[in-house]
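# Descriptive analysis of the structure
Single-letter residue listing:
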Amino acid sequence: MEVVGRSPEAVRDAVLARSSGKRPILLAEPHYLSLDFFRPLLCVEGVISRPRPDDYRTAPVGVTDAFAAVARTGSVCVDIGADIAGYVSLLPRLHIAVVDIHKLVFRPSDLFRLEPFARPTYQENFVFISGPSATADMGPLVRGVHGPHELHILVLS
Amino acid sequence: MSKQMKSPREIAAKRTKEILRRAIHFALETESSAVRHNTRTFNRSRYRATSSLPDYDALKDEARRIKEASLANRMALVQQLSESVMRNGGHFFFARDAREACQYVQEVCKRRQVRSMVKGKSMTSEEIHLNTALERDGIRVVETDLAEFILQAADEQPSHIVGPAIHYSRERITALFRRKFQTDLPLDTGEELTRFARERLRSDFLAADAGFTGANLVSAECGSLLLVESEANIRLSCIAPPLHIALTGLEKIVPSRREFAPFIELLAASGTGQPLSSYTSVFRPPLPVPVSDFRGAGPATREFHMVIVDNGREALAQDARLSEALYCIRCSACLNSCANFQVLGGHGFGGATYSGGIGATWEAATTGELKLARFSDLCTGCSRCVPQCPVRIDIPGLNVELRSRLNQLVPLSIVARTLHLLLGVPPVENASTQQIFFAHYDRVARWGTFFAPLSNFATRIPGARWFLEKSFGIDRRRHLAAFPKKTWVEIAAKELTAMADSHRGPDVLVLADVFTNYGAPQRGVDAIRCLRAAGARVRLTKSLPDGRAALSQGMIETARIQAETLSKYLAAENAAGRPLLVVEPSVLAMILREYRKLLSAESFANLRSFTGDLMEFLARHLAQQAGDPRAIFDIRKFAPGPKIFYHAHCQQRAVCDPSVTVEFLQRLGFQVTCSQVECCGMAGSFGYKKDFYDVSQAVSEELVEQWKAAESANGPHTLLASGISCIEQLQGATGRVVLHPVELLAKML
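Since the model is a prediction, treat every value here as computed from it, not as a measurement.

### Here's the deal with the overall build of chain B
Helix and strand counts for chain B stand at 34 helices and 18 strands. Expressed as lengths along the three principal axes of its C-alpha atoms, the size of chain B is roughly 95 × 55 × 55 Å. Burial statistics for chain B: of 749 residues in total, 56% are counted as buried. Looking at chain B alone, contacts between residues at least 24 apart form 77% of all its contacts between residues at least 6 apart.

### Notes on the overall build of chain A
What chain A contains, in helices and strands, is 6 helices and 12 strands. Against the 2.2 N^0.38 benchmark of 15 Å for 157 residues, chain A shows a C-alpha radius of gyration of 15 Å, consistent with a compact globule. Dimensions of chain A along its principal axes, counting C-alpha atoms only, are 45 × 40 × 30 Å. Counting over 157 residues, chain A shows a buried share of 50%. Here the analysis covers contacts within chain A between residues at least 6 apart in sequence; of these, 68% occur between residues at least 24 apart.

### What about the nonpolar core?
Ranked by internal contacts, the top residues of the largest apolar core, which has 282 residues, are Ala66(A), Val78(A), Met117(B), Val307(B), Val510(B) and Leu614(B). Examining the composition of this core, we find that 9 residues originate from one element, helix α1 (residues 17-51) of chain B, more than from any other. Looking at this core, you find at least three residues from each of domain 1 (51-314) and domain 2 (488-746) of chain B. If near-sequence neighbours (up to four positions away) are discounted, Val307(B) is found in contact with Phe93(B), Ala95(B), Ala101(B), Tyr104(B), Val105(B), Ile245(B) and Leu247(B).

### A closer look at the interface of chain B and chain A
Opposite the 47 residues of chain B that make contact, chain A presents 37 residues. For the side of chain B that touches chain A, the secondary-structure elements that each account for two or more residues are α7 (146-154), α8 (170-181), α9 (190-207), α10 (233-239), α11 (261-270) and β9 (279-283) of chain B. The element contributing the most residues to the side of chain B that touches chain A is α9(B), with 6 residues. Split by residue class, the side of chain B that touches chain A holds 24 nonpolar, 12 polar and 11 charged. Here 4 bridges tie strand β9 (residues 126-129) of chain A to β9(B), and the two strands are oriented antiparallel to one another. Bridged to Val127(A) within β9(B) is Ser281(B).

### Points about the confidence of the model for chain A
The share of residues in chain A with pLDDT of 70 or more is 95%, and the mean pLDDT across the chain is 93. The secondary-structure element of chain A with the lowest mean pLDDT is helix α6 (residues 115-118) of chain A, recorded at 61, while strand β12 (residues 150-156) of chain A shows the highest, at 98.

### Describing the packing of α7(B) against α8(B)
Residues and elements named next belong to chain B. Running from N to C, α7 and α8 cross one another at 55 degrees; their axes reach a closest spacing of 10 Å. Between α7 and α8, the angle falls in the class oblique. α8 is crossed by α7, and the crossing has left-handed handedness. Across the interface between the two elements, Ile 150, Ala 153 and Ala 154 of α7 pack against Ile 173, Leu 176, Phe 177 and Lys 180 of α8. Residue composition of the contact of α7 with α8, grouped by class: 6 nonpolar, no polar and 1 charged.

### With respect to the domain arrangement of chain B
Segmentation of chain B into domains returns domain 1 (51-314) and domain 2 (488-746). Here the C-alpha centre of domain 2 of chain B lies 47 Å away from the C-alpha centre of domain 1 of chain B.

### Points about the pairing of strand β17 (residues 718-721) of chain B
All names here are of chain B. Of the two faces of β17, both are covered, the one formed by Thr 718 and Leu 720 as well as the one formed by Leu 719 and Ala 721. Sheet analysis places strand β15 (residues 643-647) next to β17, joined by 4 bridges and oriented parallel. Residue pairing in the sheet places His 647 in a bridge with Ala 721 of β17. As paired strands, β17 and strand β18 (residues 738-739) are joined by 2 bridges and run parallel to one another. Looking at β18, one finds that Leu 720 is bridged to Leu 739. Chirality of the crossover, the property in question, places the unit of β17, helix α33 (residues 724-734) and β18 among those that are right-handed.

### Considering helix α27 (residues 585-598) of chain B
All names here are of chain B. Taking 1.5 Å per residue as the helical rise, α27 with its 14 residues ought to reach 20 Å, and the 18 Å between its terminal C-alpha atoms agrees with that figure. Maximal helix bending in α27 amounts to about 40 degrees, located at Ile 591. Buried residues dominate α27, accounting for 12 of its 14 residues. The set of residues buried in α27 consists of Pro 585, Ser 586, Val 587, Leu 588, Ala 589, Met 590, Ile 591, Leu 592, Arg 593, Glu 594, Tyr 595 and Leu 598.

### Overview of unusual backbone geometry
In this chain, Arg23(A) is followed by Pro24(A) through a cis amide linkage whose omega measures 0 degrees. Within the secondary structure layout, Pro24(A) lies in the loop between α1 (8-19) and β2 (25-27). The omega angle of the peptide bond from Ala452(B) to Pro453(B) is 5 degrees, so this bond is cis rather than trans. Position of Pro453(B) among the secondary structure elements: in the loop between α19 (441-450) and α20 (454-458). Here the phi dihedral of His129(B) falls at roughly 55 degrees; this positive angle occurs in a residue that is not glycine. Locating His129(B) in the fold gives a position in the loop between α5 (123-127) and α6 (130-136).

Definitions and limits used
Counting restarts for each chain: residues are numbered from 1 in the order of the written sequence. All chains are assigned letters beginning with A, and all ligands numbers beginning with 1, in the order in which they are written. Local features in this predicted model are restricted to residues whose pLDDT is 70 or higher, and side-chain atom pairs enter the listing and the counts only when it is 80 or higher, whereas totals over whole chains, interfaces and linings include all residues. Helix numbers and strand numbers start at the N terminus; a helix is a DSSP run of H or I with at least 4 residues, a strand a run of E with at least 2. Our exposure labels follow a C-beta count within 10 Å of each residue's own C-beta, placed from the backbone: buried means 20 or more other C-beta atoms, exposed means 12 or fewer, and partly exposed covers the counts in between. Contact criterion: two residues are in contact if their C-beta atoms, reconstructed from the backbone, are within 7 Å. The size measure is the radius of gyration over C-alpha atoms, and the globule rule it meets is 2.2 Å times the number of residues to the 0.38 power. The term nonpolar core means buried Ala, Val, Leu, Ile, Met, Phe, Trp, Tyr and Cys residues held together as one set by C-beta atoms within 7 Å. Annotation comment: domain bounds sourced from an automatic or database domain assignment. Ten residue types, Ala, Val, Leu, Ile, Met, Phe, Trp, Tyr, Cys and Pro, are classed as nonpolar, four, Asp, Glu, Lys and Arg, as charged, and the remainder, Gly among them, as polar. Any two strands are treated as partners once DSSP identifies two or more bridges connecting them. Values of pLDDT, ranging from 0 to 100, describe the predictor's confidence in every residue of the model. For helices, the fitted line uses only the C-alpha atoms of the stretch in contact; every axis is such a line through C-alpha atoms, and the angle between N-to-C directions lies from 0 to 180 degrees. Any angle between 65 and 115 degrees counts as roughly perpendicular, while under 35 counts as roughly parallel, over 145 as roughly antiparallel, and the rest as oblique. When the near helix sits turned anticlockwise from the far one by under a right angle, the crossing is termed left-handed; a clockwise turn instead gives a right-handed crossing. Think of it like this: strands point away, you trace from the first strand over the helix to the second, and a clockwise trace means the crossover is right-handed. Between the first and last residue of a helix there are one fewer steps than residues, each counted as 1.5 Å, and that sum is the expected span. What we call the bend at a residue is the angle made by axes fitted to the seven residues finishing there and the seven residues starting there.

Written out as structure tokens, the structure is:
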């Protein structure tokens with residue numbers, strides 16, 4: 001996790017630094033952060049926002065926004081109901097989630113207490129993502145199973 | 001014997017004691033070391049995670065309330081859920097039994113021309129044997145949870161509800177994959193094995209026609225599912241294929257998504273011991289996400305089916321003494337904290353689907369066959385799981401009830417029938433010779449003491465131990481403590497009345513429990529001496545059976561009669577409400593915990609109000625006094641020195657705080673190392689029984705290891721334990737004298 005400046009360029013630079021040259025980078029259209037934060041990133045070659053099925057098979061990096069972050073559990077909440085965020089946060093080996101620092105809550109249960117959240121129509125499909133996919137079924141703990149091998153959270157200050 | 005066994009499936013259905021014995025030996029020989037490592041890792045992580053939850057107890061209360069209310073309202077919730085699912089554009093089906101559930105899924109698959117299905121871990125699908133049904137239709141079913149992937153390759157039943165393959169070591173998985181998949185790929189590390197499975201499964205995910213999942217909870221109000229996982233295979237099963245079938249038991253439905261909240265952190269902490277698992281999904285299928293055409297089959301629309309299964313749950317809900325099992329959220333805390341489960345795993349201590357202490361009720365309820373709960377015999381009633389359960393299920397209570405019902409299934413031998421008559425055992429008990437023997441410890445011991453030393457000599461004549469093993473199932477390898485010539489009550493009456501009370505301190509009543517009275521009278525005398533030295537005026541009660549021994553044999557009616565008799569006697573004897581102090585922790589826990597179900601609420605509350613642990617009372621009393629306790633208990637008089645290795649009794653830890661004893665000993669100048677095990681393995685009569693001797697010994701190994709580690713690091717330690725059976729177990733395993741805390745203190749007077 002890292003805290004980055006609240007500017008489109010800072011988002012672009014942080015994503016590129018974390019991707020360490022790997023391409024393509026899949027970008028799911030943000031629904032909670034302004035698209036403006038991602039425009040410079042979209043101009044970078046190898047950043048794709050309209051992937052074809054084959055891109056999901058091969059892309060090493062996926063970028064989504066998150067509508068909340070949870071301090072105690074180190075989680076981000078990603079809405080997978082809209083568009084392609086479900087695939088982008090799941091199939092590439094590195095998932096980068098970008099979240100606004102003002103959307104930080106302390107515990108998962110705090111989200112369920114928020115008035116809009118209690119309405120069944122609000123954020124119908126989402127995931128608390130608290131780390132890369134992992135297993136201990138093969139003996140020792142192994143990171144990277146069916147989902148990302150690495151999770152990186154960018155918090156916009 | 002296990003050499004001849006082709007698969008653990010042969011011992012999955014434990015209908016008879018013989019199969020249970022085979023399963024125990026198979027588990028101890030083949031699976032124990034992996035199971036020990038994995039369950040103890042889970043267990044340590046859970047203690048860490050739950051202790052960092054700021055409101056752990058409040059969360060448990062809330063979770064319990066939600067489960068109680070939801071189960072009470074279950075049929076209305078099912079109805080509401082069916083409407084929600086259909087409103088969302090999904091399909092809903094309520095399956096009365098396993099056959100209906102499988103048929104429905106088969107029909108959906110047939111209509112959608114499903115050839116392959118990717119599947120998330122689901123115990124409910126194991127319960128209804130869904131894979132077998134689908135495979136009969138020619139569907140390729142792919143288990144994608146890596147533990148289930150291993151089991152599917154090996155064709156075995158799960159051994160744990162959260163980690164179904166915990167009985168597999170890394171080395172055994174390597175051997176299995178080499179044999180099964182005929183591959184030369186590197187498979188010698190966890191990373192390599194995971195990579196192999198991932199690459200195989202990734203193409204299955206993207207090519208599958210259907211995805212199948214269970215659900216941790218379901219919201220009736222909006223039809224949302226709570227899905228907890230760490231591998232991402234459930235997320236993939238939900239999103240990649242165009243068809244999603246979710247199937248779960250009716251007990252998983254709660255009113256709305258708001259009720260998911262307390263379970264989210266509680267489940268992760270109690271299960272894998274994490275703040276949260278990698279993925280906690282809240283989905284309301286069918287997902288509004290376009291289907292990505294991975295299969296190259298052209299555009300497809302999403303379809304969702306919610307299958308809610310009864311399969312014995314409704315009958316269980318109406319069974320007042322067992323219905324609590326339905327609150328289970330399948331976190332596995334009770335398995336990981338169970339000393340017997342830690343050495344056996346679910347192939348020994350479990351059935352075809354469900355395992356451990358909670359599993360017996362589930363196995364019986366979902367198969368409709370009580371006999372399949374036979375493995376509940378492995379629950380010793382140690383109660384270590386009780387404080388670990390996030391919904392506060394009284395798991396030992398369920399197993400006592402099952403044992404009582406299982407007793408009814410066995411025709412009595414002539415000897416057992418005679419004993420019933422001779423001892424006035426209520427006919428309803430239908431108890432075996434062995435059960436009557438252990439349940440009537442007080443009678444056996446009274447005769448033994450009466451005829452001592454003749455009775456002790458008798459157990460040493462050739463053939464006597466063979467006879468005891470044959471007739472009562474008492475393992476001949478187990479050391480039998482000699483009966484004393486005089487009981488605690490007799491010694492106290494003769495010798496202690498001569499000792500003057502100092503009349504400074506409080507009036508207390510000490511319970512002459514049957515175990516100390518006949519089994520360790522001198523310990524009882526030491527307890528009185530310590531209390532008197534601390535200034536208390538002590539009276540000793542009569543020695544009456546408390547019901548613990550009977551309850552552990554499933555003889556609930558006998559236990560109830562004994563509890564009522566003791567309770568009446570104590571209420572009359574103790575009208576003044578003096579503290580009633582108990583030396584033996586199993587008896588203390590009997591009164592403070594088990595009497596809730598055996599006595600009227602009023603009698604229970606009355607008894608509970610004045611009953612406590614003797615050592616805890618002594619420590620607290622002296623802490624309130626002005627003087628230094630070291631003036632009474634002088635460590636310099638204890639020659640072996642200040643280093644102590646202390647094992648607190650399992651049931652004691654469920655009802656009182658053993659750290660009070662530890663802190664008191666530290667105040668007196670001792671350096672105390674505490675055992676970090678759940679139970680010593682003796683657990684009253686359990687370790688004496690021929691069928692369970694090996695389990696009991698296996699459990700004690702960890703305790704002995706910890707004691708040895710303490711000694712190799714810091715030199716000799718005095719062994720200390722608080723329960724009569726823990727002391728027996730430790731003495732047997734170490735060959736050393738083991739003291740009770742009051743015996744230690746008495747040596748310092």
